[in-house]
Structures are given as structure tokens and as C-alpha cells.
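Each chain, letter by letter, is given below.
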Amino acid sequence: MPAPAVDALLAEHAELELRLADPSIHADAALARKLGRRYAELGPVVAAARALDAARDDLAAARELAADEPSFAAEADEIAAHLPALETRLAELLVPRDPHDGDDVVMEVKSGEGGEESALFAGDLVRMYTRYAEKRGWKTEVLDATVSDLGGYKDITLILRSRTPEPDGVWSALKFEGGVHRVQRVPVTESQGRIHTSAAGVLVYPDTGEDADVEIDEKDLRVDVFRSSGHGGQSVNTTDSAVRITHQPSGIVVSCQNERSQLQNRARAMEVLRSRLQAQHEAELAAEASAERRSQVRTVDRSERIRTYNFPENRISDHRVGYKAHNLSTVLDGELDDLLTALTAADRADQLSS
């Protein structure tokens, strides 16, 4: 990116700093959060640009001093050798970012082929993601869930939120998790000790909520209310407070039953519906723009098998980037950093090569 563009980002960062120092900005929590995320996003770019400028100034000074005092020549050479790394770092940071990287995430996990075993595996995946969220200091909120007879999930919708604005937030970490997750193990229902293969589907999309740039016509919605249910379908509420909204043009169905009132559940379900429609719209735009770079690791639905969890060999394999590791037990306990780093690195390499 040319110097004028870098200067523009530095100016934007300085302006955001002034705005965030204004107490009146924080009267609008949504605006303050948006500005805070952008400020945090620009922070690494500003730091890298300043480090590069400082190194170039030091190099010029060292070369000037070396003209009179040869002992400074070695220092000049050392600084010059370090410049390419600083330039590469700035270039990487200037690669266009995913505009949703700082967003929170809505995640849907559904059991697939495999019956009760698939539902149990879906429960394992939910636990994996919630444990990872705990390690990152994120908040997890369940919006709706249907529990299977053995305690797994037939389907579940949850939101994972960061507690503070981060340039690399929840979406940045989990955006490559959408797709079919396959498990190979001996099910608890298997009496002969045979290994079975089953699968669960994961869908992730940014929690854009009220910020989503979509319009929803109330006439396109079918709203059903029902009684909230807990484990095994038992009633946990004496009123019909749970809400299911069907967006008829797209067929998208969103349910929420964990808020205290029907009104609150409806509002939360509408936020999720807006986020889902925004994600669908952006996926359609990406598909239409065939000349644009498309990620080799990002999936936009549950139709692609992305990963296998092999219990007998304690192995996890991501089929998109060739990642394999024999630490399945720790991964399922929320230790996802190595796996997610491999996916992010593959996507970044794809961007840089383009």
C-alpha cells in the first residue's frame, strides 16, 4: 500500500483516539463499541508503521555518523538487515481485512447422520467451542437447544461474544468452522465394540444484529410461540414465551427460548435472523463475484466435510489444509489454537498470493 494510504490510516487512528476520549461518544454504547473496534483494528498497523519509520530514521542517522566514525557502520548494517522484516510485517497488516473479524459469532450445531451418536458428537463439539471460549475469556449464550435422550444436542444455537472490542475477535478465530464435522469412534450404544462414523453440521456467521444491512418485511415472517422446554422436552416455563420465526422467502428458521419473556425472545430471534440474512447476502455476493479471490478454507454452509475426529487414533484432521495432529483429546477440551492458527495462516497465504 502506498505511503499516502498509510498516512490516511494513521490520520484515521488519531481521529478515533480523539473521538473515543470524548465522554459524549460513550452515551451511545453501540457507536462507542464500533469506534473502539476500529481503533483496536488500526492499532497494529500504526505500531508497525511507526516502527518502520523509526528504523529508517535510525538507519539514516547511523549512516551519517558512519561517514565520520567507521564504528557506526556495523550498526547501520544491522538496522538495514532488520528493515525487510519490518516492511513485510506492515505489508501483511495492510492486506484487506475481513470486515467482520472483530464481530461476535452466532453458531448453530445440528446432529446429522448417525442418530443418537451424532447428537452426542454435536454435544462434544459444543463443549469444545465453549471450553475454547472460556480460555479466550469470551461469553457464551445459548439461544435455543433441543436435547437428545442421552444428553446430546439434536440442534443448538448459541452466541459467542468477546468482553472487549478486539481487532481479531470471535469471528476472526472461528469463521472457518462451518461445515460437516465427522467423527469415527465406538458409540456408547454399540454393544459389539465396532467403530461407527457419524457427523454433525456447524454453521457460523457474524453476529451483526441491528447493524446488519438488510431489510425485513414483517409480512414475510411467520411467528410461532410455544412453551420453553428443557432436557427431554420437559416444560421449564408455564407460559408460551419461546418464539420461532420463519422467514418465508429464504426458508430460514430462528428460535429463541432462553429469555424471560416472549417479547425478549422475539427481539433476540430477530437479531439472529438479521445476522443470518446478512451472512447469506454476503455469501451470494461472493459467489457472483467469481473474479474476486475466494478463500480456500472458508465454507458458507454445512454441505462440505471439513474435518474428521478419529478417536481410536486420537487424531484430528482438517481436510482443507492438510492439518493432522494426534491430540484429539486436548482439542476437544478446547485447545484449538494450533488448528485455528493453521487455518488462518492458509487463508492469509492465499490472500498474499492473490
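Bear in mind the structure is a predicted one, so any value in this text is a computation, not a measurement.

Topic: the sheet that holds strand β6 (residues 221-226)
Here we have three strands laid out as an open sheet, ordered β6-β7-β8, and antiparallel in their pairing. The sheet is open, and its two borders are formed by β6 and β8 (252-256), each paired with just one other strand. Going from strand to strand, the sheet's axes swing by 15 degrees on average, the running direction of each strand aside.

Observations concerning the packing of aromatic side chains
Inspection of every chain in the model, using the stated rule, returns two aromatic pairs. Ring centres 5.3 Å apart and planes at 65 degrees place the aromatic pair F121 and Y309 in the edge-to-face group. With F121 in helix α4 (residues 115-136) and Y309 in strand β9 (residues 305-310), this residue pair connects regions lying 188 residues apart in the sequence. Residue F121 shares its accessibility class with Y309, and that shared class is buried. When the ring of Y132 is compared with that of W138, the centres are 5.5 Å apart and the planes differ by 85 degrees; the resulting orientation is edge-to-face. The same class applies to Y132 as to W138, namely buried. The side chain of R185 reaches across the aromatic face of F311, ending 4.8 Å from its centre. Over the ring of F226 we find R244; its NZ or CZ atom is 4.4 Å from the centre of that ring.

Structural notes on a negative patch on the surface
Where like charges cluster on the molecular surface, the negative patch consists of D7, D53, D57, D58, E75 and E78. Every element with two or more residues in the negative patch is listed here: α2 (29-66) and α3 (72-93). Broken down by element, the residue count for the negative patch peaks at three residues, all from α2. When you line up the elements, D57 lands in helix α2.

Some points on the sheet that holds β9
Within a sheet, each strand pairs with its neighbour through backbone hydrogen bonds, oriented either parallel or antiparallel. If you trace the eight strands from one edge of the open sheet to the other, you get β2-β3-β1-β5-β4-β9-β10-β11, paired in mixed fashion. Every other strand in the sheet has two partners, leaving β2 (139-147) and β11 (323-325) as the edge strands with one partner each. Across the sheet, the mean angle from the axis of one strand to that of its neighbour is 15 degrees, orientation sign disregarded. Relative to β11, strand β10 (residues 315-318) runs antiparallel, the two being bridged by three bridges. If you follow D318 over to β11, its bridge partner there is Y323. Against the sheet, α4 engages β1 (105-111), β2, β3 (153-161), β4 (179-185), β5 (196-206) and β9, with an angle of about 110 degrees to β4.

Cut-offs used in this document
Residues numbered from 1 in each chain as written. Predicted model: local features only at pLDDT ≥ 70, side-chain atom pairs only at ≥ 80, totals over all residues. Heavy atoms only, no water. Pairing = 2+ DSSP bridges. Helix = DSSP H or I, 4+ residues; strand = E, 2+ residues; numbered from the N terminus. Axes fitted to C-alpha atoms, helices over the stretch in contact; angles between N-to-C directions. Phe/Tyr/Trp six-rings, centres within 6.5 Å; stacked < 30°, edge-to-face > 60°. Buried < 20%, exposed > 50% of the residue type's maximum accessible area, 1.4 Å probe, protein only. Lys NZ or Arg CZ within 6 Å of the ring centre and 35° of its normal. Patch = residues over 30% accessible without salt bridge, like charges linked within 9 Å, V, L, I, M, F, W, Y side chains within 5 Å. Areas by Shrake-Rupley, 256 points an atom, 1.4 Å probe, with all protein chains shown as cover. Salt bridge = Lys/Arg side-chain N within 4 Å of Asp/Glu carboxyl O. Lys, Arg positive; Asp, Glu negative; His and termini not counted. Charge placed at Lys NZ, Arg CZ, Asp CG, Glu CD. Contact = heavy atoms within 4.5 Å.

Read these as layout, nothing more, since geometry by itself doesn't imply function.
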